[in-house]
Amino acid sequence: MLSLRDGIFTGLVVLVTLVGFVAARWGNANLRHLEEWALGGRRFGTIVSWFLIGGDIYTAYTFIAVPALVYGVGALGFYAVPYAAIGYPYGFVVLSRFWSLARERGYVTSADFVRDRFGSRPLEVAIALTGVLASLPYIALQLVGMKAVLMHLGGAFAISNGELALSVAFVLLAAYTFTSGLRAPAAIAFVKDTLIYVTVIAAIIIIPAKLGGWGHIFAVAPKPLLVPKVQVAYATLAFGSCLALFLYPHSITSILAAKSKEVVQRNMSLLPIYSLMLGFLALLGYCAIAAHITTKDTSSIIPTLLGAYFPDWLAGIAFAAIVIGALVPAAIMAIGSANLFASNIFSEFRHGRGHVDAHLSKLLTLALCAFALCFVIFVPTAYAINLQLLGGIWMVQIVPAFVLGLYTRALHPAALLLGWLCAMLVATAMAASTALGGTGISPNITFTFFGHGVTAYIALYALAINLAIAVVASPLCWAFARRIATRA
Amino acid sequence: MARARYLLLLVPFLAYLDPALYNRIEPRLFGFPFFYWYQLLMVPVTSILIGCVMILGRARR
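In this text, all values refer to a predicted model and were calculated from it rather than measured experimentally.

Student: Teacher, can you tell me more about the overall build of chain B here?
Tutor: Across its full length, chain B carries two helices and zero strands. Its C-alpha atoms give chain B a radius of gyration of 15 Å, more than 25% over the compact-globule value 10 Å for 61 residues. Its C-alpha atoms give chain B principal-axis dimensions of about 45 × 20 × 10 Å. Counting only residues that meet the buried cut, chain B has 28% of its 61 residues in that class.

Right, dumping it as structure tokens:
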């Protein structure tokens with residue numbers, strides 16, 4: 001017999017699965033065309049886009065990991081708030097420009113733009129590979145978020161560490177993404193975000209009241225402020241992560257699905273509402289400390305906290321919200337990476353391809369989902385977390401080619417490629433060196449400049465190298481290209 | 001001066017990227033240390049600034 005909690009949970013998850021399949025009929029489109037399947041025909045208005053983009057960048061893993069980080073390290077974990085807030089003014093400028101170019105020239109991915117602007121296949125492949133490599137562990141981490149909830153629910157949900165329920169949910173996800181394309185996560189995002197807002201608002205009203213108020217919760221928090229030497233780390237983590245926020249393939253996919261530049265701009269102004277919610281959610285990490293929740297597996301603190309303080313029916317809604325919150329971004333990430341693979345790595349499609357067949361992208365989506373599932377089942381969670389951190393650092397390295405490329409043609413593709421390659425290698429080496437202590441990868445590294453130790457986000461050190469090489473090597477490459485041209 | 005409105009978009013960066021500005025407990029608001037309520041408050045401020053840039057851009061056309 002199902003309990004009320006498990007009944008509501010199961011009911012909501014079944015409901016969104018049906019919504020995912022029915023979404024194929026939305027707008028009566030021919031889903032064999034790539035633009036219809038992968039970008040919803042580029043027809044989403046302000047409200048659909050708001051749910052889609054919000055559902056895409058604030059994922060189940062975010063909801064589990066951000067409070068867990070605050071629980072573990074205190075104030076430093078709050079960098080998620082400035083990170084997501086400054087992402088929007090940056091996105092407002094950069095994405096408006098990218099959206100307009102993409103509409104004019106028919107781009108489906110960021111690498112499409114890079115190919116068109118620089119005419120360089122190697123650079124296009126480099127940009128596409130970065131996106132795919134950063135996305136795969138991210139998809140896997142969505143499963144980790146789901147697993148945390150399934151394990152908490154126990155019973156049939158937790159059979160063989162939750163892997164049975166996880167596999168069922170993911171096979172269904174792959175099936176409706178294959179059938180409906182981007183319309184599936186777009187439709188489900190409505191349900192997901194409504195449930196998430198209900199959960200978070202209830203949590204920030206109910207939980208602090210039962211724990212003696214925010215004043216008390218902050219009073220027992222062990223690290224409510226940044227120690228002075230991590231201030232630079234805090235700022236660089238926020239800034240570096242913000243640079244990558246909209247460069248991920250899943251963000252690009254949901255941005256390009258907007259029907260006009262105004263829709264993109266309006267969303268940059270309205271999406272910070274999600275960041276506010278995330279900020280309060282992060283503080284639940286302190287609530288967990290005040291509630292004396294102790295655990296080795298920090299990803300279980302949010303399910304434990306909600307399970308302990310919510311009435312059964314509300315806990316059912318909250319757990320469904322987290323699981324559905326994993327399915328939406330996982331679907332968009334799979335679509336975004338499949339597009340990069342199909343368009344830019346296999347080079348299946350040529351330019352100006354509004355009506356090309358989506359077949360290859362659809363099959364690749366299935367393959368990516370299968371890969372992510374295997375990854376979570378066979379590889380320890382710590383690897384996925386480390387790879388996702390590394391993915392964020394890698395993603396920043398496409399800034400020179402993609403973001404600067406939107407504004408200038410001064411940089412030479414060979415110089416950009418060399419900068420990218422060096423930065424990827426240096427960043428990976430730095431990250432690996434932080435893992436030597438055996439506690440996993442740290443996103444920050446300390447270097448001594450003129451006798452002062454500076455701890456900062458690895459992605460920014462690597463970006464500095466990346467930019468320096470691109471700027472210095474570009475004039476040399478152009479001069480070399482001119483000499484060859486005059487000789488011939 | 002046509003693009004001066006974009007300078008508003010720098011405000012959130014200045015407000016957030018020097019943690020020394022807000023890394024303190026007092027003054028508190030509803031039990032929240034300054035560090036937290038300041039950063040939470042800057043989120044809707046960022047939202048409004050972006051909205052202003054958008055509206056100013058539309059008014060020019």
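Student: I tried to follow the overall build of chain A on my own but got confused; where do I start?
Tutor: The number of helices and strands found in chain A is 21 helices and two strands. Since a compact globule built from 488 residues should have a radius of gyration of about 23 Å, the 22 Å found for chain A is in line with a globular shape. Each of the three principal axes of chain A carries a C-alpha extent, and together these read 80 × 65 × 40 Å. Looking at chain A as a whole, 58% of its 488 residues qualify as buried. Relative to all contacts within chain A whose residues are 6 or more apart in sequence, the contacts with residues 24 or more apart total 83%.

Student: Any chance you could explain the interface of chain A and chain B here in plain terms?
Tutor: Often the size quoted for an interface is simply the accessible area lost on bringing the parts together. In this assembly, 30 residues from chain A lie in contact with 28 residues from chain B. Going through the elements one at a time, helix H5 (80-105), helix H10 (213-220), helix H11 (231-245), helix H13 (261-270) and helix H14 (272-290) of chain A are the ones with two or more residues in the side of chain A that touches chain B. Among the elements that line the side of chain A that touches chain B, the one with the most residues is H5 of chain A, at eight residues. Taken together, the residues of the side of chain A that touches chain B sort by class into 22 nonpolar, seven polar and one charged.

Student: When you look at the packing of helix H9 (residues 183-210) of chain A against helix H15 (residues 301-309) of chain A in this model, what are you seeing that I'm missing?
Tutor: Helix packing for two helices is described by the angle between their axes and how far apart those axes are. All names here are of chain A. Taken N-terminus to C-terminus, the directions of H9 and H15 make an angle of 75°; their axes are 10 Å apart at the nearest point. Here H9 is positioned roughly perpendicular relative to H15, judged by the angle of their axes. Here Ala203, Ile206, Ile207 and Lys210 of H9 lie close against H15, whose contacting residues are Leu305, Leu306 and Tyr309. Its residues assigned to classes, the contact of H9 with H15 shows six nonpolar, no polar and one charged.

Student: How should helix H16 (residues 312-345) of chain A be read in this particular structure?
Tutor: An α-helix turns once every 3.6 residues. As a result, residues three or four positions apart point the same way. When the terminal C-alpha atoms of H16 of chain A are compared, their 48 Å separation across 34 residues agrees well with the 50 Å that a helix rising 1.5 Å per residue should span. In terms of burial, H16 of chain A is largely enclosed, as 30 of its 34 residues are buried.

Student: Whenever I open this one, the environment of phenylalanine 450 of chain A confuses me. Can you help?
Tutor: Structurally, the position occupied by phenylalanine 450 of chain A is in the loop between strand E1 (444-449) and strand E2 (452-457). Considered as a pair, phenylalanine 450 of chain A and glycine 45 of chain A are 405 residues apart in the sequence and their alpha carbons are 52 Å apart.

Student: Would you mind showing me how to read the pairing of E1 of chain A here?
Tutor: Strand direction decides the pairing type here: E1 of chain A and E2 of chain A, joined by six bridges, are antiparallel. Counted as the bridge partner of threonine 446 of chain A is threonine 455 of chain A from E2 of chain A.

Student: What is the right way to look at the packing of helix H7 (residues 121-153) of chain A against H16 of chain A in this model?
Tutor: Residues and elements named next belong to chain A. Orientation of H7 relative to H16, taken along the N-to-C sense of each, is 160°, at an axis distance of 9 Å. Judged on the interaxial angle alone, H16 and H7 are roughly antiparallel. Crossing geometry of H7 relative to H16 is assigned as left-handed. Along the lines of polarity and charge, the residues of the contact of H7 with H16 split into 21 nonpolar, seven polar and one charged.

Student: Teacher, can you tell me more about helix H3 (residues 46-57) of chain A here?
Tutor: Residues and elements named next belong to chain A. For H3, spanning twelve residues, the distance from its first C-alpha to its last is 16 Å, which sits close to the expected 16 Å at 1.5 Å a residue. In terms of burial, H3 is a largely internal element, ten of the twelve residues being buried. For H3, the set of buried residues is Val48, Ser49, Trp50, Phe51, Leu52, Ile53, Gly54, Gly55, Asp56 and Ile57. Contacts made by the buried residues of H3 are with H9, H11, helix H12 (249-256), H13, H14 and H16.

Student: In this structure, what is going on with unusual backbone geometry? I would like to understand it.
Tutor: Most peptide bonds adopt trans geometry, and most residues besides glycine take a negative phi value. For the peptide bond that leads from glutamate 26 of chain B to proline 27 of chain B, omega is -5°, which places it in the cis range. Structurally, proline 27 of chain B can be placed in the loop between helix H1 (11-16) and helix H2 (34-60). Even without glycine at this site, histidine 292 of chain A takes up a positive phi of about 60°. Assignment of secondary structure puts histidine 292 of chain A in the loop between H14 and H15.

Student: I would appreciate a short explanation of the confidence of the model for chain B in the present structure.
Tutor: Residues shown with low pLDDT carry predicted positions that ought not to be read at fine detail. Overall, the prediction assigns chain B a mean pLDDT of 88, with 93% of residues at 70 or greater. Both scores are given for the predicted complex: the pTM is 0.88, the ipTM 0.92.

Student: Explanation requested: the environment of alanine 4 of chain B in the structure shown.
Tutor: Tracing the backbone through its elements, the reader meets alanine 4 of chain B in the segment before H1. On a C-alpha basis, the gap between alanine 4 of chain B and valine 53 of chain B in space is 9.5 Å, while along the polypeptide they are 49 residues apart.

The rules behind each value
Residues numbered from 1 in each chain as written. Chains lettered and ligands numbered in written order. Predicted model: local features only at pLDDT ≥ 70, side-chain atom pairs only at ≥ 80, totals over all residues. Helix = DSSP H or I, 4+ residues; strand = E, 2+ residues; numbered from the N terminus. Rg over C-alpha atoms; globule rule 2.2 N^0.38 Å. Buried ≥ 20, exposed ≤ 12 C-beta atoms within 10 Å, placed from the backbone. Contact = placed C-beta atoms within 7 Å. Nonpolar A, V, L, I, M, F, W, Y, C, P; charged D, E, K, R; others polar. Axes fitted to C-alpha atoms, helices over the stretch in contact; angles between N-to-C directions. Parallel < 35°, antiparallel > 145°, perpendicular 65-115°, else oblique. Expected span 1.5 Å × (residues − 1). Pairing = 2+ DSSP bridges. Left-handed = near helix turned anticlockwise from the far one by under 90°. pLDDT = per-residue confidence, 0-100.

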